[in-house]
Amino acid sequence: MAEINRVALVTGAARGIGRSCVVALAQPQTLIYVNDVANLPLAEETCELARVKGAQAQVLPFNVADSHEVAAAVDTIVKTSGRLDVLVNNAGIAKDNLIARMKEEDWDRVVDINLKGAFNCIKAATRPMMKQRYGRIISISSVVAYMGNPGQANYAASKAGLVGLTKAVARELASRQVTVNAVAPGFIATDMTADLPEKIQAEMLAQIPLNRFGAPEEVAAVVAFLASEAAGYITGEVIHINGGLIMA
């Protein structure tokens, strides 16, 4: 077995942006834990894609919304691998509805997975990263955290919360050389956008100056950069990947 000098955990990594992040991080002497609970066969496919690039990879199923499961999973990673260098908080769900019709349980579920899940993972990763005086934490926010979107009050609020969480934790961990950043994708070509009616897709495209949806690999490339040594002087930032949909 090849020597491992980098250990990463990517949540919600069975497909889409999460899978692309795993592939972008994969390289020899890297061990990647692929987290998912919704589709373990697809998570194993993600591992195979990482192995093709020379990385070691294994599925690690746990519910990010359950703090005990998260703590146990990170403890297993550290005990087995000796360290945790990179955490990518990608796990997320959407349960859309207009605010007047939104069920409380749909609000709670989205916030629990998207925001509390990231909190749970960051909290668990903080101790080993502080101890080793090194770490890269990257969370996947969204363009809707900045522009809003009808029918997505729960999703937008959870993704906006990730921005505040990122900035606060970045200040807390900077002295230990742990960087904490986020990326905010716009409309990305995933299974979710592919299922939208053509009329809705056309309306979305009309808002994007680059006149196309982004690719999951384009988001993953930025995540991989933020996880790299080259990004060591970047912390507390949100990188927008939206084709010009919003320009601050």
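Residues numbered from 1 in each chain as written. Predicted model: local features only at pLDDT ≥ 70, side-chain atom pairs only at ≥ 80, totals over all residues. Heavy atoms only, no water.

1. A word on the sheet that holds strand β6 (residues 178-185)
Hydrogen bonds between backbone atoms are what pair the strands of a sheet, whose relative direction is either parallel or antiparallel.
Point 1. Strand order across the open sheet formed by seven strands is β3-β2-β1-β4-β5-β6-β7, with parallel pairing between neighbours. Lying at the two open borders of the sheet, with one neighbouring strand each, are β3 (56-59) and β7 (238-241). Averaged over all neighbouring strand pairs, the angle between strand axes comes to 15°, with direction disregarded.
Point 2. Relative to strand β2 (residues 30-34), strand β1 (residues 6-10) runs parallel, the two sharing five bridges. Of the residues in β2, the one forming a bridge with valine 7 is leucine 31.
Point 3. On top of the sheet, helix α1 (residues 16-25) reaches β1, β2, β4 (86-89) and β6; it is set at about 175° to β1, its chief contact.
Point 4. Helix-sheet contacts for helix α2 (residues 40-52) involve β2 and β3, and the interaxial angle to β3 is about 175°. (Pairing = 2+ DSSP bridges. Helix = DSSP H or I, 4+ residues; strand = E, 2+ residues; numbered from the N terminus. Axes fitted to C-alpha atoms, helices over the stretch in contact; angles between N-to-C directions. Contact = heavy atoms within 4.5 Å.)

2. Some words on the packing of α1 against α2
Point 1. It is at 8 Å that the axes of α1 and α2 come closest, and there the two elements cross at 25°. Compared by their axis directions, α1 and α2 come out roughly parallel. For the element pair α1 and α2, the recorded crossing hand is right-handed. Between α1, through Arg19, Val22 and Val23, and α2, the contact on the second element is made entirely by Leu42, Glu45, Thr46, Leu49 and Ala50.
Point 2. Classifying every residue of the contact of α1 with α2 gives five nonpolar, one polar and two charged. (Parallel < 35°, antiparallel > 145°, perpendicular 65-115°, else oblique. Left-handed = near helix turned anticlockwise from the far one by under 90°. Nonpolar A, V, L, I, M, F, W, Y, C, P; charged D, E, K, R; others polar.)

3. Here's the deal with helix α3 (residues 67-81)
Point 1. When the terminal C-alpha atoms of α3 are compared, their 21 Å separation across 15 residues agrees well with the 21 Å that a helix rising 1.5 Å per residue should span.
Point 2. Here α3 has its buried residues at Val70, Ala73, Val74 and Ile77. Along the axis of α3, the buried positions cluster into a sector of 95°, meaning they face one direction only. Opposite the buried face of α3, by more than 90 degrees, sit the exposed residues His68, Lys79 and Thr80.
Point 3. The elements touched by buried residues of α3 are β1, β2 and α4 (104-132).
Point 4. Of the residues that open α3, the one with a side-chain oxygen 2.9 Å from the backbone nitrogen of histidine 68 is aspartate 66.
Point 5. Just beyond α3, the residue with positive phi is glycine 82, at close to 85°. (Expected span 1.5 Å × (residues − 1). Buried < 20%, exposed > 50% of the residue type's maximum accessible area, 1.4 Å probe, protein only. Arc of directions from axis to C-beta. Polar contact = N/O pair within 3.5 Å; in protein donor to acceptor, adjacent residues only side chain to side chain.)

4. A few points about the state of the cysteines
One covalent bond between the sulfur atoms of two cysteine residues makes up a disulfide.
Point 1. Counted under the stated rule, the structure contains zero disulfides.
Point 2. The cysteine cysteine 47 is free of any disulfide, with cysteine 21 supplying the nearest cysteine sulfur at 14 Å.
Point 3. You can call cysteine 47 buried: its relative accessible area is 0%.
Point 4. Distance from the sulfur of cysteine 121, which forms no disulfide, to the nearest cysteine sulfur (cysteine 21) is 14 Å.
Point 5. Since its relative accessible area comes to 1%, cysteine 121 is described here as buried. (Disulfide = S-S within 2.5 Å.)

5. Comments concerning unusual backbone geometry
Point 1. Non-glycine residue glutamine 29 carries a positive phi angle of around 70°.
Point 2. Position of glutamine 29 relative to the elements: it lies in the loop between α1 and β2.

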